[in-house]
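# Tertiary structure, described
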Amino acid sequence: GMPADAADGMPVNLAGTPENRAHFGTTGTGDGSSPFPQLRIVALTARAGRAIRGAVPGRARDGEQTLLKVLADEQPGLFAGRVTLFGRNFPGHDLILAILLAGGHVIARVKGGISLPLQDTPGKGRLPDGSRVSWLNAPSGKKEDRLPVRVTEHSALVAGPDGEQVPETCT
């Protein structure tokens, strides 16, 4: 099979200097009063062995999608011929397109609210294995810029707020 990587982001506390606070910012409070300035880092980790293959740092307020796209644009070889897996905070048209243009593939969990419409065909885009063909709309809004995607839906049990198992549909 094709080698796979996982992408994820995290905040990292920095020394509480005025310079770090001014440059990197903070998270968790609207007024910047949190105890430490933070940088956000997004790392690309090999699923087999967990080695960090690449990473990109940013300011506390930088989005994980934005940072991972920077990594794909600046180091496309990290993504070529590999599958990148990421969670529901990542999927977006521009990021996925950057990984595809780098020669990679994507498997992503999609959060609620992201539109993955049924096709306007007799079978609604359904494939024999139960998955279906859909698309992510492009920021341009143009139909020709849409990104085709394959959608599978699974029911999974996840931990709820009190530790109980709660059913969730994963797309």
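The preceding data block contains the structure.
This text gives an overview of the structure that appears in the document. (Residues numbered from 1 in each chain as written. Predicted model: local features only at pLDDT ≥ 70, side-chain atom pairs only at ≥ 80, totals over all residues. Heavy atoms only, no water.)

### Quick look at the pairing of strand β2 (residues 38–46)
With 7 of its 9 residues buried, β2 lies for the most part within the structure. Here 9 bridges tie strand β1 (residues 4–13) to β2, and the two strands are oriented antiparallel to one another. Across the sheet, alanine 6 pairs through a bridge with threonine 45, a residue of β2. Direction of pairing for β2 relative to strand β3 (residues 52–59): antiparallel, over a ladder of 7 bridges. Counterpart to valine 42 in the pairing with β3 is valine 56. (Buried < 20%, exposed > 50% of the residue type's maximum accessible area, 1.4 Å probe, protein only. Helix = DSSP H or I, 4+ residues; strand = E, 2+ residues; numbered from the N terminus. Pairing = 2+ DSSP bridges.)

### Considering the nonpolar core
Ranked by internal contacts, the top residues of the largest apolar core, which has 22 residues, are Leu68, Leu71, Phe79 and Phe86. Looking at this core, the elements that each hand over two or more residues are β2, α2 (64–74), α3 (93–101) and β7 (147–151). Leaving out residues up to four positions away in the same chain, phenylalanine 86 has contacts with Ala7, Leu68, Pro91, Leu95, Ile96, Ile99, Val106, Ile107, Ala108 and Arg109. (Core = buried A, V, L, I, M, F, W, Y, C linked by side-chain atoms within 4.5 Å. Contact = heavy atoms within 4.5 Å.)

### Here we look at α2
Within α2 the residues assigned to the buried category are Glu64, Leu67, Leu68, Leu71 and Ala72. On an axial view of α2, the arc spanned by its buried residues comes to 140°, and they lie on one face. Exposed side chains of α2 directed beyond 90 degrees from the buried face belong to Thr66 and Glu74. Residues of α2 that are buried make contact with β1, β2, β3, β4 (83–86) and α3. (Arc of directions from axis to C-beta.)

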